[in-house]
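# Structural overview for review
Given next are the chains, with one letter for each unit.
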Amino acid sequence: MSTSYNVTSDDSIWSLMLNRILKKSYVYTASESNSLFSAVAIGAMTAVYPFMYIIQKKGSRSVVTIVGLFSAVTTFLIPWMAYLGFYPLLAMRFLQGMGLSTGFTLIGIVTRQWSMQAQGAFFFACLSCFFQLGPIFTMPVSGALCTSSIGWPAVYYVHSMVTIMIFSSFFNFYRENPISHKFVSQLELSKIQRGKGETKRQPVPLRQILTDPVVLSIWTTALANFMGIQLTMQFSPTYLHKILGFSVKDTGPFSALPQVITAFVKVSAGYSADKLRCCLPKTSVRIFNSIALGGMSFTFLGLAYIPTSEPYLGLWMLVISCAIIGFNCGGFFRCSAIYAAQHNHFVMGMNSFLNCLAALLAPVIVNFYVRNDTWNEWYWVWMSHFVILFASNLVFQYYAKGEPAEWTKPSKEIVYSEDNNDVIIIKF
């Protein structure tokens, strides 16, 4: 944003506005930059449960569409808020972050309503690829626009227009329930609904969910999972350049490589988790979770001991750490879908909050250990995350279940009579 541009001006209002924005200097201190990044995560954390409550009452189609269009508007306004000053930009970044809050909630709803019983992990794997597809699109497109004659504001305008097109398509094609979709045949509907039980929106049993040790273990594992992901996403360029000695030119492509591989691993793992027939779901989710979080923890252990004299070994260990976490779709995410059943959208909604919390914690942990970007300092970063991931996986192994919770099952009534006179109804 601080780059100087020579914009060719014409008489159009658009050109005049663009010139005005580009002629101003935008230089922020390290503290201001951190605040601008943190504001997005805080905005998402703030909005998770209000939007989840509204979705529970009004349905996902209209609410998610409105949130998406709101995200497009706030993204479009970012250049103008930057022009007005730091605090208007900070406020707009907070509002922009609110658009992140519905992602996991929607995934939980779509997986429950639209996947067949035997395809839940595969559905989740495909839907959660937005974590990879977003950066894969954004990084090269933003780089090209920033170096073009129209300058950095075009990054926000293009993303805003793409967002409007995506959510318009979403509103036109998506229905919360396959029963109400005109493109779904009776045969397809019967396959989707087979073995699922009740799929309509129901009141969320908050007390039972918030005190259930299985759900708490899922959330604990999710936080550790996101802390590992956020560490690699936010700091892999820094580590590759300053510790392993790769050039700035090579750091960009090397940082994007894990995202492509992770998307492939995630979809493959989701498909495999659904097709695995040699063990019960309870065993399956434990195996996949051990591969994902246990595998990432041991790659972090390896990174802690790989010397700077072996940069390519460190690079591939980092790639493996990012790719292997793709097995999580068959681990705690699948456990959540099975155990929480029709209430999984609430459990998944918490994951949006935890992901943003991890995004805030990652810089705190790194800054606590790292002062001068030395190998010895990064040793403690990798070791601390090794302990977090390894310990959380142990907690999950102890509590994981492979069948729906009791609070997902409908209440039953027993009706019987005594002496053909009194009728007693017992609910439980």
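Residues numbered from 1 in each chain as written. Predicted model: local features only at pLDDT ≥ 70, side-chain atom pairs only at ≥ 80, totals over all residues. Heavy atoms only, no water.

### With respect to the confidence of the model for the protein
Per-residue pLDDT for the protein averages 84, and the proportion of residues at 70 or more is 89%. The low-confidence segment residues 422-428 (pLDDT under 50) makes 20 contacts with residues lying over four places distant or belonging to another chain. (pLDDT = per-residue confidence, 0-100. Contact = heavy atoms within 4.5 Å.)

### Examining the side chain of T102
When you line up the elements, T102 lands in the loop between α4 (86-97) and α5 (103-114). Apart from the residues lying within four places of it in its own chain, the contact partners of T102 are F51, I55, V64 and V67. (Helix = DSSP H or I, 4+ residues; strand = E, 2+ residues; numbered from the N terminus.)

### Some details on helix α2 (residues 30-58)
The terminal C-alpha atoms of α2, which comprises 29 residues, lie 41 Å apart, in line with the 42 Å expected from a rise of 1.5 Å per residue. Approximately 35 degrees is the largest bend angle found in α2, and it occurs at V48, with the proline P50 only one to four residues beyond. The positive-phi residue at the C-terminal boundary of α2 is G59, with phi of around 95 degrees. (Expected span 1.5 Å × (residues − 1). Bend = angle between axes of the 7 residues up to and from the residue.)

### Overview of the pattern of salt bridges
This model, assessed by the stated rule, comprises two salt bridges. A salt bridge links D373 to K242; the nearest nitrogen and oxygen atoms lie 3.5 Å apart. Residue D373 is found in the loop between α16 (344-369) and α17 (375-399), and its partner K242 is found in helix α11 (residues 213-243); the two are separated by 131 residues along the sequence. Relative accessible area serves as the criterion here: at 51%, K242 is assigned to the exposed category. (Salt bridge = Lys/Arg side-chain N within 4 Å of Asp/Glu carboxyl O. Buried < 20%, exposed > 50% of the residue type's maximum accessible area, 1.4 Å probe, protein only.)

### Notes on the packing of aromatic side chains
Each aromatic ring pair is summarised here by two numbers: the centre-to-centre distance and the angle between the ring planes. Under the criterion given, the structure shown has 31 aromatic pairs. Each ring, one from Y49 and one from F346, has its centre 5.7 Å from the other, and the planes form 50 degrees; the classification is tilted. Pair noted here: Y49 is in helix α2 and F346 is in helix α16, with a separation of 297 residues, a long-range link. For the ring pair F104 and F333, a centre distance of 6.2 Å and an interplane angle of 15 degrees mean the geometry is stacked. Taken together, the positions of F104 in helix α5 and F333 in helix α15 (residues 332-340) put the pair 229 residues apart, joining distant regions of the chain. The class of F333 is buried, set by a relative accessible area of 5%. Among the aromatic residues, those joined into a cluster by ring pairs are F104, F124, F130, F226, F332 and F333. (Phe/Tyr/Trp six-rings, centres within 6.5 Å; stacked < 30°, edge-to-face > 60°.)

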